[in-house]
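Results of the structural survey
So the chains spell out like this:
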Amino acid sequence: MELANLVTLTTGVALLACVLAVVGLHAYAMGRAQRQALVDRLSATGQIPVTGRRRHFRDLDRRLRRTRFGKHLELRLAATGLDITPGEFFAAMLVTVAGLWLIGQATLAPFFGPIAGLLGIWVAMQFLNWQRQKRIEKFINQLPELSRIMANATQAGLALRTAIGMAAEELEAPAGEELAKVAHQLALGASMDDALGELADRLPSRELVVLVTTLVLSNRAGGQVVAALRNLTETLEERKETRREVRTQLSQVNMTSYAVPIMGVGSLFLMNGVKDGALDRMTGSPVGQAAVLIAFGLYAVGFVLIRRLSRIDV
């Protein structure tokens, strides 16, 4: 009798455990589905990046976003299109600064450690500027095709909002990504002026400003959008070829601007290699340290002047 009661109790407990397991799995699946739906909705609105990789330095990123520097850094990273958070970039920059500090201190002299660390910060910021400019150039090259797609869409009778969404689906990055953000902002109730204005702020260029102005004025006044976009397409094609020719002509000058400071740093390694300890003795006095700082300042001025003199706005 006791054995039968034990079997019944065991069977009941097993059935209850199975029921609880099924309920738990259902709740877990529902939670995962709700979380994925929330991630998809936030990704569609641009509030979180569309990526599945695991984020690092979350605490640092959370604290950094609360500061003015972190907000500015987040905007610059968004303009570059890089899949990296402000915390990850800041940690990578600190590692680069520490590495260059140790390399400069070990290979040259202890005085060059802080200078190499400051150089690491400059390199990190220049890397962001280079990525941002490269993305802007790629976007500018896509503007003629973008204008052509929107002209065809509006000629077919589609609204300007629909034409923007169609162009976002057909174009590759970065134009497709940026137009998708504009389309999502319009879907959430933002005005055409604000959505296109934010696009022009993210990727500033004369060509994009002209396109945005044309679309805004046509949408506001109801003008001939098709004719304006057709003419703008031809103009953008001509400017694209002109920019390519100017960039080719100035490539040698740009390389010279980088070669001048590299030769200066290379001369330090050459000097230390010819006579070991020469830089230690040179930077051991205030006069030598001042001479080194003045020399680096002159190299920086030369770099900036060469870049400014070779800049041609098209």
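Refer to the preceding data block for the structure.
All of these numbers come straight from a predicted model, not from anything done at the bench.

**Here we look at the packing of aromatic side chains**
Counted according to the given criterion, the structure contains six aromatic pairs. Relative to Phe296, the ring of Phe112 lies with its centre 6.4 Å away and its plane at 65 degrees, an arrangement referred to as edge-to-face. Remark: Phe296 occurs in helix 13 (residues 286–309) and Phe112 occurs in helix 5 (residues 112–155); sequence separation between them is 184 residues. By relative accessible area, which is 3% here, Phe112 ends up buried. An aromatic cluster is defined as three or more aromatic residues linked by ring pairs; in this entry it consists of Phe111, Phe112 and Phe296. The ring of Trp130 carries the charged tip of Lys134 above its face, separated from the ring centre by 4.4 Å.

**Details of the packing of helix 3 (residues 68–80) against helix 5**
Helix 5 packs onto helix 3 with a crossing angle of 40 degrees between their chain directions and a minimal axis gap of 8 Å. Considered as vectors, helix 3 and helix 5 are oriented oblique to each other. Crossing hand, helix 3 versus helix 5: left-handed. Along its contact with helix 3, which presents Leu73, Arg76, Leu77, Ala78, Ala79 and Thr80, the element helix 5 presents Met125, Leu128, Asn129, Gln131, Arg132 and Arg135. Looking at the contact of helix 3 with helix 5, its residues break down into six nonpolar, three polar and three charged.

**Overview of the side chain of Arg135**
Inspection of the secondary structure assignment puts Arg135 in helix 5. Contact partners of Arg135, with chain neighbours within four places excluded, come to Ala78, Ala79, Thr80, Gly81, Pro174, Glu177, Glu178 and Leu203.

**Regarding helix 7 (residues 175–187)**
Here helix 7 spans 18 Å end to end across 13 residues, near enough to the 18 Å set by a 1.5 Å rise per residue. Listed as buried for helix 7 are Ala175, Gly176, Glu178, Leu179, Val182, Gln185 and Leu186. Structurally, helix 7 contributes buried residues whose contacts are with helix 5, helix 6 (160–170) and helix 8 (192–202). Phi turns positive one or two residues past the end of helix 7, at Gly189, with a value near 105 degrees.

**Some words on the environment of His72**
Tracing the backbone shows His72 in helix 3. Along the chain, His72 and Pro86 lie 14 residues apart, while their C-alpha atoms are 9.5 Å from each other.

**A short note on the pattern of salt bridges**
Per the counting criterion, the structure on display carries six salt bridges. A salt bridge links Arg62 to Asp59; its shortest N-O distance comes to 2.9 Å. Here the residue Arg62 and the residue Asp59 both occupy positions in helix 2 (residues 58–65), the gap between them amounting to three residues, near one helical turn. We classify Asp59 as partly exposed; its relative accessible area is 48%.

Each value, and the rule that gives it
- Residues numbered from 1 in each chain as written.
- Predicted model: local features only at pLDDT ≥ 70, side-chain atom pairs only at ≥ 80, totals over all residues.
- Heavy atoms only, no water.
- Phe/Tyr/Trp six-rings, centres within 6.5 Å; stacked < 30°, edge-to-face > 60°.
- Helix = DSSP H or I, 4+ residues; strand = E, 2+ residues; numbered from the N terminus.
- Buried < 20%, exposed > 50% of the residue type's maximum accessible area, 1.4 Å probe, protein only.
- Lys NZ or Arg CZ within 6 Å of the ring centre and 35° of its normal.
- Axes fitted to C-alpha atoms, helices over the stretch in contact; angles between N-to-C directions.
- Parallel < 35°, antiparallel > 145°, perpendicular 65-115°, else oblique.
- Left-handed = near helix turned anticlockwise from the far one by under 90°.
- Contact = heavy atoms within 4.5 Å.
- Nonpolar A, V, L, I, M, F, W, Y, C, P; charged D, E, K, R; others polar.
- Expected span 1.5 Å × (residues − 1).
- Salt bridge = Lys/Arg side-chain N within 4 Å of Asp/Glu carboxyl O.

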